[in-house]
Amino acid sequence: MDILKDITAAVDRLKPLSPGALQLLSMVSGGEYGIQDVAHVVERDPALTANVLRVVNAPAFGLGVPVNSVARAVGYLGDRMVAGIALATSSPRVFNVTLAGYESGPGELWRHCLRTAIAARYMAVSGTNGVNANLAFTAGILHDIGKAVLSDYLVGRTPELLALIEARAAESFQEAERAVLGVDHCQVGHALALKWNLPEPIPQAVLLHHQPAKADPEWRELVFSVHLGDMVSMMGGTGTGVDTLMYPLDEGYVEVFDFAEEQLDQILLDVTMEFEKLRTPFWD
Ligand SMILES: [Fe+2]
Ligand SMILES: [Fe+2]
């Protein structure tokens, strides 16, 4: 079978996010919601409730007291974090896969996406126009979902990709993916986002997170937030394996963001601290 047809079939096979998870996504993306709203959605979905309680009671969280209700979990961890846990644990086929083609282990994609999301949120609030911070977080969580599908098709072929980059026949890992497979992880992620009916600008952010200048003017600042968040995540040591830092930084960010150098240092520090707090392995 033609490899592109094969990849399209794999996109179709991937189980969609549960209705509860989708509701959470649109809620945290929309901005207008309260702590109670997150708790209510999670409570109505028994699988989400079980996952959230299992994670918050894990010794790694170190809360020291048993947490037996979603409302209390939200009180301890915050609504956004509970939504993140619910999302990640409800879609282990997406976030907890071993990306063999990228030579990265289980949980690495989730850690990369979580750190990207945290960083994208910081970037969003630092932009000149101000982007919805929750939207940036959600787009950050989802930006690399295409890798969950594409990884299988890269197994054994990474030396080919790296040789293309080495010979400057490809400027990025994304271009090398396209040269070897005919499609890249951004295009596959975009197809997934559309198939799951995720609202704009999420599909656009997934498609263009390595080429933010191509985004519609309306969403450019958001896509740049994810682009920079992705860079911060990789520079912080949470990449997804062999492709880490194999993507150019779009210098156009200086026109979108107005960072003083000290401000950037502070953002990197804040992102690292928040990430270390939240990086509990959800599936252990
Ligand atoms: Fe990517
Ligand atoms: Fe990424």
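Residues numbered from 1 in each chain as written. Chains lettered and ligands numbered in written order. Predicted model: local features only at pLDDT ≥ 70, side-chain atom pairs only at ≥ 80, totals over all residues.

1. A few points about the overall build of the protein chain
Applied cut-off: The helix count covers DSSP runs of H or I at least four residues long, the strand count covers runs of E at least two residues long, and both are numbered beginning at the N terminus. In this setup the radius of gyration rests on C-alpha atoms only. A globule is expected at 2.2 Å times the number of residues raised to 0.38. Any residue whose C-beta has 12 or fewer other C-beta atoms within 10 Å is treated as exposed, any with 20 or more as buried, and any in between as partly exposed, C-beta atoms being built from the backbone.
Looking only at helices and strands, the protein chain has 17 helices and zero strands in total. For the protein chain, the C-alpha radius of gyration of 18 Å lies close to 19 Å, the compact-globule estimate for 284 residues. In terms of overall dimensions, the protein chain has a C-alpha envelope of 55 × 50 × 30 Å along the principal axes. Looking at the 284 residues of the protein chain, the share that counts as buried comes to 48%.

2. Observations concerning the nonpolar core
Let me state the cut-off plainly: Put simply, a nonpolar core is buried Ala, Val, Leu, Ile, Met, Phe, Trp, Tyr and Cys residues tied into one set by C-beta atoms within 7 Å. Domain ranges listed in this record stem from an automatic or a database domain assignment. A residue pair is marked as a contact if its C-beta atoms, positioned from the backbone, fall within 7 Å.
If you look at the biggest cluster of nonpolar residues, it comprises 76 residues, and the most contacted ones within it are Val52, Val82, Ala86 and Ala136. Two domains share this core, each providing at least three of its residues, namely domain 1 (18-90) and domain 2 (99-278). Filtering out sequence-adjacent residues up to four positions away, valine 52 remains in contact with Val42, Val70, Ala73, Val82, Ile85 and Ala86.

3. Describing helix α4 (residues 46-56)
The line we're drawing: Our arc is simply the arc of the directions from the helix axis toward the C-beta atoms.
Here α4 has its buried residues at Leu48, Asn51, Val52, Val55 and Val56. Around the axis of α4, the buried residues are gathered within 120° of arc, so they sit on the same side. Turned more than 90 degrees from where α4 packs its buried face, Pro46 and Ala50 sit exposed.

4. Structural notes on the packing of helix α10 (residues 146-154) against helix α13 (residues 185-195)
Our working rule: Orientation is described by axes fitted as lines to C-alpha atoms, over the contacting stretch for helices, and by angles from 0 to 180 degrees between their N-to-C directions. Here roughly perpendicular refers to angles of 65 to 115 degrees, roughly parallel to angles under 35, roughly antiparallel to angles over 145, and oblique to all remaining angles. A crossing counts as left-handed when the near helix is turned anticlockwise from the far one by less than a right angle, and as right-handed when that turn is clockwise. Any residue that is not Ala, Val, Leu, Ile, Met, Phe, Trp, Tyr, Cys, Pro, Asp, Glu, Lys or Arg is counted as polar, Gly included; the first ten are nonpolar and the last four charged.
Interhelical geometry of α10 versus α13 gives an angle of 130° and a closest axis separation of 7 Å. Taken together, the axes of α10 and α13 lie oblique to each other. Judged by the twist between their axes, the crossing of α10 over α13 is right-handed. Contacts between α10 and α13 involve Gly146, Lys147, Val149 and Leu150 from the first element and His185, Cys186, Gln187, Val188, Gly189 and Leu192 from the second. Its residues assigned to classes, the contact of α10 with α13 comprises five nonpolar, four polar and one charged.

5. Describing the environment of histidine 40
Positionally, histidine 40 belongs in helix α3 (residues 35-44). Along the sequence, histidine 40 and valine 70 sit 30 residues apart, while their C-alpha atoms lie 8.4 Å from each other.

6. Remarks on the environment of glutamine 211
Considering the arrangement of structural elements, one finds glutamine 211 in the loop between α14 (202-208) and α15 (220-235). For the pair glutamine 211 and proline 248, spaced 37 residues apart in the sequence, the C-alpha separation amounts to 9.1 Å.

7. Overview of the domain arrangement of the protein chain
Segmenting the protein chain into domains produces domain 1 (18-90) and domain 2 (99-278). Between domain 1 and domain 2, the C-alpha centre-to-centre distance is 25 Å.

8. Re α13
Residues three or four positions apart in an α-helix share a direction because the helix packs 3.6 residues into each turn. With eight of 11 residues buried, α13 lies mostly within the body of the structure. If you check which residues of α13 are buried, you get His185, Cys186, Val188, Gly189, His190, Ala191, Leu192 and Ala193. Taken together, the buried residues of α13 touch α1 (3-13), α9 (133-142), α10, α12 (173-181) and α14. At the exit of α13 stands asparagine 197, carrying a positive phi of roughly 60°.

9. Describing unusual backbone geometry
The residue arginine 168 is not glycine, and still its phi comes out positive at about 60°. Here arginine 168 shows up in the loop between α11 (158-166) and α12. In this structure arginine 168 comes out as exposed when scored by C-beta crowding, with 7 C-beta atoms within 10 Å. At leucine 245, a residue that is not glycine, the phi angle is positive and equals roughly 60°. For leucine 245, the location among the structural elements is in the loop between α15 and α16 (253-256).

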